[in-house]
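As a plain string of letters, each chain reads:
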Amino acid sequence: MQLLIRYDAHDRAAFRQAYDAAREQREQAGLTQLQLWEEAEAPDRLWALYGVADRDKAQAWMARSSALSSHLKSHDGHFLATA
């Protein structure tokens with residue numbers, strides 16, 4: 001299972017600093033970063049793709065990822081399964 005999240009940041013550089021600092025919390029939630037993209041036409045929009053080891057832990061992490069929330073205008077996540 002994978003998790004795809006769209007992050008809309010206030011400031012990409014500040015968001016990236018907070019995002020990088022939160023790596024251990026993501027890993028403890030069973031998330032492995034597979035890819036991180038910056039949208040070409042909207043550099044403050046980033047997309048992250050994670051491998052998910054435990055969906056319940058990942059959902060709890062999404063609900064409490066307050067370390068990132070002050071840097072975000074909005075975010076949206078989708079759990080995906082290989083078809």
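Structure: see above.
Residues numbered from 1 in each chain as written. Predicted model: local features only at pLDDT ≥ 70, side-chain atom pairs only at ≥ 80, totals over all residues. Heavy atoms only, no water.

J.: Tell me about the overall build of the protein chain, and please be specific about residues and values.
T.: Within the protein chain, the regular secondary structure consists of four helices and four strands. When its helices and strands are written in sequence order, the protein chain yields β-α-α-β-β-α-α-β. By principal-axis analysis of the C-alpha atoms, the protein chain measures approximately 30 × 25 × 15 Å. Split into buried and exposed, the 83 residues of the protein chain put 31% on the buried side. Pairs at least 24 residues apart make up 70% of the contacts formed inside the protein chain by residues separated by at least 6 positions. For the protein chain, the computed accessible surface area is about 5,100 Å², with 47% contributed by carbon and sulfur atoms. Between the averaged position of the 10 positive side-chain charges in the protein chain and that of its 12 negative side-chain charges there is a distance of 2 Å. (Helix = DSSP H or I, 4+ residues; strand = E, 2+ residues; numbered from the N terminus. Buried < 20%, exposed > 50% of the residue type's maximum accessible area, 1.4 Å probe, protein only. Contact = heavy atoms within 4.5 Å. Areas by Shrake-Rupley, 256 points an atom, 1.4 Å probe, with all protein chains shown as cover. Lys, Arg positive; Asp, Glu negative; His and termini not counted. Charge placed at Lys NZ, Arg CZ, Asp CG, Glu CD.)

J.: Explain the sheet that holds strand S4 (residues 72–80) to me, using residue names and the numbers behind them.
T.: One open sheet accounts for four strands, arranged S2-S3-S1-S4; its pairing is antiparallel. For this open sheet the edge positions go to strand S2 (31–38) and S4, each flanked by a neighbour on one side alone. The average undirected angle you get between the axes of adjacent strands in this sheet is 20 degrees. As paired strands, strand S1 (residues 2–9) and strand S3 (residues 45–52) are joined by seven bridges and run antiparallel to one another. Bridge pairing links Asp-8 to Arg-45 in S3. Its contacts with the sheet place helix H3 (residues 55–64) against S1, S2, S3 and S4, and it is angled at close to 170 degrees to S4. (Pairing = 2+ DSSP bridges. Axes fitted to C-alpha atoms, helices over the stretch in contact; angles between N-to-C directions.)

J.: Before we move on, could you go through the side chain of Arg-26 and cite the residues and values that matter?
T.: Its place among the elements puts Arg-26 in helix H2 (residues 23–28). In this structure, Arg-26 is buried with no salt-bridge partner, the nearest side chain bearing the opposite charge being Asp-20 at 5.3 Å. Ignoring anything within four residues of it in the chain, the contact list for Arg-26 reads Tyr-19, Leu-31, Gln-33, Tyr-50 and Trp-61. (Salt bridge = Lys/Arg side-chain N within 4 Å of Asp/Glu carboxyl O.)

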